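For reference, the chains in residue letters:
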Amino acid sequence: MIKLKKVNKWKSYYFLICDNKQEVGTLEFIKKSNILIIAYLKIYPEYQHNHYGYQVIDYLFSHYKFKCIIGETLKES
C-alpha cells in the first residue's frame, strides 16, 4: 500500500509517493472546487509496470473528496 509524503510546505499538493518507506515517484495536483487536476505524476523507471499509478488514483479517491479527476498529458507521465 502506498502513502503520500508531503515534501514542500510552500506547495500544498506536492508529494513523494512511497511504498514501504521506499520512494517510488512524485505527484503534484491542484484541487479546485470538486475537481482534482493532476499536474504531474511520475513513477520512477525502475518502479514502472507495478501498478503504482492505479494505487495513486485509489489513494486520492479514498483521501480526498472530489467529483472528477483531470489528468495532464505529459510524455513523461
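Provided above is the structure to which this section pertains.
Given the structure is predicted, the values throughout are model-derived calculations rather than measurements.

Draft legend 1. Up close: the packing of aromatic side chains. Tallied over the entire structure, the rule returns six aromatic pairs. Ring centres 5.3 Å apart and planes at 75° place the aromatic pair Phe29 and Tyr64 in the edge-to-face group. One end of the pair, Phe29, is in strand β3 (residues 22-32); the other, Tyr64, is in the loop between α1 (52-63) and β5 (68-71), with 35 residues separating them in the sequence. Every member of this aromatic cluster is reached through a ring pair, and the members are Tyr13, Phe15, Phe29 and Tyr64.

Draft legend 2. Inspection of the pairing of strand β4 (residues 35-43) at higher detail. Relative to β4, β3 runs antiparallel, the two sharing eight bridges. Paired with Phe29 across the strands is Ile38, a residue of β4. Bridge count for β4 against β5 is four bridges, and the pairing is parallel. In the strand pairing of β5, Ile35 is matched with Cys68. Assessed by its sense of winding, the connection that carries the chain from β4 through α1 to β5 is right-handed.

Draft legend 3. Geometry of the sheet that holds strand β2 (residues 14-19). Across the sheet, which stays open at both edges, the five strands sit in the order β1-β2-β3-β4-β5 with mixed pairing between neighbours. The open sheet has two edge strands, β1 (2-6) and β5, and neither has a second partner. This sheet shows a mean twist of 35° between the axes of neighbouring strands, independent of strand direction. Summarising the sheet, β2 and β3 pair through six bridges and their orientation is antiparallel. Opposite Asp19, over in β3, you have Gln22 as the bridge partner. Sitting on the sheet, α1 is in contact with β1, β2, β3, β4 and β5, with an inclination near 70° to β1.

Draft legend 4. Quick peek at the side chain of Asp19. Tracing the chain through its elements places Asp19 in strand β2. We note that Asp19 is buried and unpaired, the nearest opposite charge coming from Lys3 at a distance of 9.2 Å. Of the polar contacts made by the side chain of Asp19, one reaches the side chain of Tyr52; its length is 2.7 Å. Not counting residues within four places of it along the chain, the set of residues in contact with Asp19 comprises Met1, Ile2, Val24 and Tyr52.

Each value, and the rule that gives it
- Position labels on residues start from 1 in each chain and follow its written sequence.
- Only residues with pLDDT of at least 70 get local features here, since the model is predicted, and only at 80 or more are side-chain atom pairs given and counted; chain-wide, interface and lining totals rely on the full set of residues.
- Values reported for side chains reflect all heavy atoms of the structure, with hydrogen atoms and water molecules removed beforehand.
- Geometry of aromatic contacts follows a simple scheme: Phe, Tyr and Trp rings, the Trp one being its six-membered ring, pair when their centres are within 6.5 Å, and the pair is stacked under 30 degrees between planes, edge-to-face over 60, tilted otherwise.
- The numbering of helices and of strands both runs from the N terminus, where a helix is a DSSP run of H or I of at least 4 residues and a strand a run of E of at least 2.
- Any two strands with at least two DSSP-identified bridges between them are counted as paired.
- Convention used here: a crossover is right-handed provided that the path from the first strand, over the helix, to the second strand proceeds clockwise when the strands point away from the viewer.
- Here, axes are lines fitted to C-alpha atoms. For helices the fit covers the stretch in contact, and angles between N-to-C directions go from 0 to 180 degrees.
- In what follows, a contact means two residues having at least one pair of non-hydrogen atoms within 4.5 Å.
- We call a residue buried when its accessible area falls under 20% of the maximum for its residue type, exposed when it is over 50%, and partly exposed in between, using a 1.4 Å probe and counting protein chains only.
- As used throughout, the charge tally considers Lys and Arg to be positive and Asp and Glu to be negative, leaving His and the chain termini uncounted.
- Here a salt bridge means any side-chain nitrogen of Lys or Arg lying within 4 Å of a carboxyl oxygen belonging to Asp or Glu.
- Polar contact criterion, stated in full: a pair of N or O atoms within 3.5 Å, where within protein one must be able to donate a hydrogen and the other to accept it, and residues adjacent in sequence count only if both atoms are side-chain atoms.

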